[in-house]
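Remarks on the overall topology
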Amino acid sequence: MNRVLRYKSFQVGSFGLLLALVPLLVTNRYYLTVMVFIGIHTLLVVGLNLLMGYAGQISLGHAAFFGLGAYTSGILTTTYHVSPWPAMVAAVVLTVTVALLVGIPALKLTGYYLAMATLGFGIIIHICFKELVWLTGGPSGLVGIPTLGIGKIMLDEPKAYYCLVWVATTAAIALSLNIVDSRVGRALRAIHDSESAAGASGISTSRLKIWVFAVSAVYASVAGSLYAHFITFISPSSFDFMFSVKLVTMVVVGGMASIWGAVFGAATLTVLPEVLTTFHDYDIVLFGLILMVVMIFMPQGLTRGALDIWDKYRFQRQRSLLVNR
Amino acid sequence: MAKTILESSDQVLLTTEKLCKSFGGIHAVKEISLAVRVGLIKGIIGPNGAGKTTLFNLITGFYVADSGVINFKGQRLNGFSPHQVAESGIARTFQNVELFDRMSVLENVMVGRHPRTKAGFIGAAFRLSGARREEELIREKAAEILEFVGLGERAHRPSSELPFGHQRVLEIGRALATEPRLLLLDEPASGLNASETRELGRLICRIRDAGIAVVLVEHDMSLTMEICDEILVMDYGRTLAEGTPRQIQENPMVIAAYLGEETIA
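No experiment lies behind these values; they were computed from the predicted model shown.

With that out of the way, let us pick up the overall build of chain A. Of the regular secondary structure elements, chain A holds 14 helices and 2 strands. Computed over C-alpha atoms, the radius of gyration of chain A comes to 20 Å, within 12% of the 20 Å expected from 2.2 N^0.38 for 325 residues, which places it in the range of a compact globule. In terms of overall dimensions, chain A has C-alpha extents of about 75 × 50 × 45 Å along its principal axes. Evaluated residue by residue, chain A yields a buried proportion of 50% over its 325 residues. Sequence separation of at least 24 residues holds for 78% of the intrachain contacts in chain A that already meet a minimum separation of 6. Here chain A contributes 20 positive and 12 negative side-chain charges, whose respective centroids are spaced 14 Å apart.

Looking now at a nonpolar patch on the surface. All names here are of chain A. A contiguous nonpolar surface patch, about 720 Å² in accessible area, is contributed by Ile123, Ile127, Phe241, Met242, Phe279, Tyr282, Ile284 and Val285. For the nonpolar patch, the secondary-structure elements that each account for two or more residues are α5 (111-131), α11 (241-254) and α13 (283-297). Position of Phe241 relative to the elements: it lies in helix α11.

This part is about the sheet that holds strand β5 (residues 75-76) of chain B. All names here are of chain B. Strand order in the open sheet formed by 4 strands is β2-β1-β4-β5, and the pairing between neighbours is antiparallel. Only two strands of the sheet have a single partner each, and these edge strands are β2 (26-37) and β5. The pairing of strand β1 (residues 12-23) with β2 spans 8 bridges and is classified as antiparallel. Bridging across to β2, Leu14 finds its partner in Val36. Helix α2 (residues 52-59) contacts β1, β2 and β4 (67-72) of the sheet and is inclined by roughly 115 degrees relative to β1.

Moving on to the confidence of the model for chain B. Summing up the model confidence of chain B, the mean pLDDT is 90 and the portion of residues at 70 or higher is 93%. Confidence scores differ between elements of chain B, with helix α1 (residues 2-8) of chain B showing the lowest mean pLDDT of 43 and strand β6 (residues 90-92) of chain B the highest of 97.

This paragraph deals with the packing of aromatic side chains. Tallied over the entire structure, the rule returns 17 aromatic pairs over all chains. Where A:Phe65 meets A:Phe213, the ring centres are 5.4 Å apart and the plane angle is 80 degrees; that geometry is what we call edge-to-face. Residue A:Phe65 is located in helix α3 (residues 62-78), and its partner A:Phe213 is located in helix α10 (residues 205-231); the two are separated by 148 residues in the primary sequence. As far as the burial class goes, A:Phe65 and A:Phe213 line up, both buried. Ring plane angle 50 degrees and centroid distance 5.2 Å describe the contact between A:Phe66 and A:Tyr227, whose orientation is recorded as tilted. Here A:Tyr227 lies in helix α10 and A:Phe66 lies in helix α3, a separation of 161 residues in the sequence. Each member of the pair A:Phe66 and A:Tyr227 is classed as buried. Stacked on the ring of B:Phe100, the Lys or Arg B:Arg174 has its end atom at 4.6 Å from the ring centre. The ring of B:Phe148 is capped by B:Arg206, whose NZ or CZ atom sits 4.8 Å from the centre of that ring.

About the thresholds
Residues numbered from 1 in each chain as written. Chains lettered and ligands numbered in written order. Predicted model: local features only at pLDDT ≥ 70, side-chain atom pairs only at ≥ 80, totals over all residues. Heavy atoms only, no water. Helix = DSSP H or I, 4+ residues; strand = E, 2+ residues; numbered from the N terminus. Rg over C-alpha atoms; globule rule 2.2 N^0.38 Å. Buried < 20%, exposed > 50% of the residue type's maximum accessible area, 1.4 Å probe, protein only. Contact = heavy atoms within 4.5 Å. Lys, Arg positive; Asp, Glu negative; His and termini not counted. Charge placed at Lys NZ, Arg CZ, Asp CG, Glu CD. Patch = residues over 30% accessible without salt bridge, like charges linked within 9 Å, V, L, I, M, F, W, Y side chains within 5 Å. Areas by Shrake-Rupley, 256 points an atom, 1.4 Å probe, with all protein chains shown as cover. Salt bridge = Lys/Arg side-chain N within 4 Å of Asp/Glu carboxyl O. Pairing = 2+ DSSP bridges. Axes fitted to C-alpha atoms, helices over the stretch in contact; angles between N-to-C directions. pLDDT = per-residue confidence, 0-100. Phe/Tyr/Trp six-rings, centres within 6.5 Å; stacked < 30°, edge-to-face > 60°. Lys NZ or Arg CZ within 6 Å of the ring centre and 35° of its normal.

In structure tokens form, the structure reads like this:
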């Protein structure tokens with residue numbers, strides 16, 4: 001128990017340390033900006049992974065929660081001059097409320113039906129962002145969102161924002177690691193493996209599914225607020241169906257039910273389109289292709305798949321050592 | 001018959017009264033009245049499709065009864081969902097072993113502690129002291145149960161790696177972790193060899209001795225006859241006979257409908 005805890009603290013600690021080194025070595029604003037986006041995507045994917053990877057419930061509408069976070073922060077700080085931090089809290093409250101309202105009927109569905117319901121929800125929210133022009137600025141977006149500050153220090157430099165985003169993301173990773181290795185985390189995994197056995201073991205499967213949906217929405221909302229205050233301009237196209245698909249792809253590529261896999265998936269699929277700028281118009285095709293290849297050859301995701309290959313290699317080596325002896 | 005048992009004992013734990021369930025015109029369970037008493041093992045036998053598993057699913061809240069009453073410790077269970085049934089003190093296993101395949105043996109049993117513990121998302125995420133202490137207790141209790149069912153040495157193996165016989169035992173262990181007063185076992189011996197079945201019989205007796213009533217749906221006649229205190233025979237969703245193993249073995253109706261002359265010879 002304590003060993004596990006220490007091992008986990010060690011993981012999170014060394015991860016944090018590694019991240020802390022980046023701004024010392026990297027001064028290029030573009031790279032730091034990419035790193036900020038990786039952080040925001042990681043935050044989203046870690047939350048979605050609790051729902052998809054652990055509880056086994058698919059959401060094709062997560063971009064909507066991301067958008068609700070971003071727009072609530074954006075609207076409150078621009079139109080109503082609320083300061084950013086309370087606005088962020090308000091965004092979380094609103095997003096959780098919406099998640100509960102949507103989740104209570106939707107999570108009675110399973111499999112494709114749940115996917116379709118969340119897909120529909122995502123599209124509705126996207127249309128709201130586009131059509132409620134008086135509130136959201138419509139298709140042309142919302143401009144002039146203030147950057148975040150801590151006290152008098154404005155975090156308007158990518159380097160400062162990098163630190164903020166990654167502190168938040170590392171904290172979210174630590175919290176998720178704690179959740180998955182707990183009574184609630186086991187219950188989530190139980191639902192994924194056998195819903196009837198979970199019920200017979202005294203787990204209220206419907207209530208827990210709704211709660212994990214809400215928790216993953218909290219992650220998305222915070223990510224949305226951080227996103228809005230970073231780029232200071234938001235428009236509906238950032239929160240469309242394609243973005244939901246991208247998030248799902250990140251979870252799958254990283255490996256379902258693996259927190260560190262989520263980090264890897266988010267990083268890979270954020271960097272990839274930047275690297276393959278020549279393919280830019282086809283990046284969604286590329287995502288589809290990656291998803292297919294990963295599902296066919298490494299259904300457990302890239303990280304798990306790589307670990308499995310390593311295990312097999314090690315096992316074979318051990319066996320050959322035994323045989324030679 | 002069920003009625004006489006009902007009246008003769010004040011130690012009745014579970015009763016069903018005229019429980020009915022049909023699926024599209026087929027009466028899977030028809031007017032089943034039974035009583036399960038504290039400290040006894042009750043066997044339910046009958047040909048395939050007699051309604052035994054349906055009866056389990058009705059009692060444990062997986063199906064909703066068309067009519068009839070389920071009473072457990074003086075509480076009406078009709079309309080309870082599976083997790084509420086588990087909370088009230090009834091645990092079950094499944095005919096096709098339903099383990100959490102991606103968890104270790106120990107974790108499977110730890111899940112069983114769910115209805116007796118309460119840490120939520122916040123407690124877990126921030127490792128609050130209450131949640132931490134509770135987690136420690138969950139782990140201790142689960143380890144204790146693994147020792148009881150004889151899987152202590154396998155605690156940290158993935159549950160999917162266990163041989164089938166051990167998987168059945170693990171499922172019983174997970175059910176015991178919910179601290180049931182009543183344990184429903186759905187064909188626990190199916191797929192087990194003779195020595196595993198004997199081992200299982202001993203485990204079920206130890207569970208009864210620990211004060212937990214057991215209801216056993218089983219096709220293995222020698223096991224059922226050996227360990228059950230009472231047997232209910234079902235056929236076409238109805239009660240065909242009820243009584244002690246000896247009475248059942250001698251009942252001509254049962255012999256005709258189910259056992260066959262050679263089996264009891």
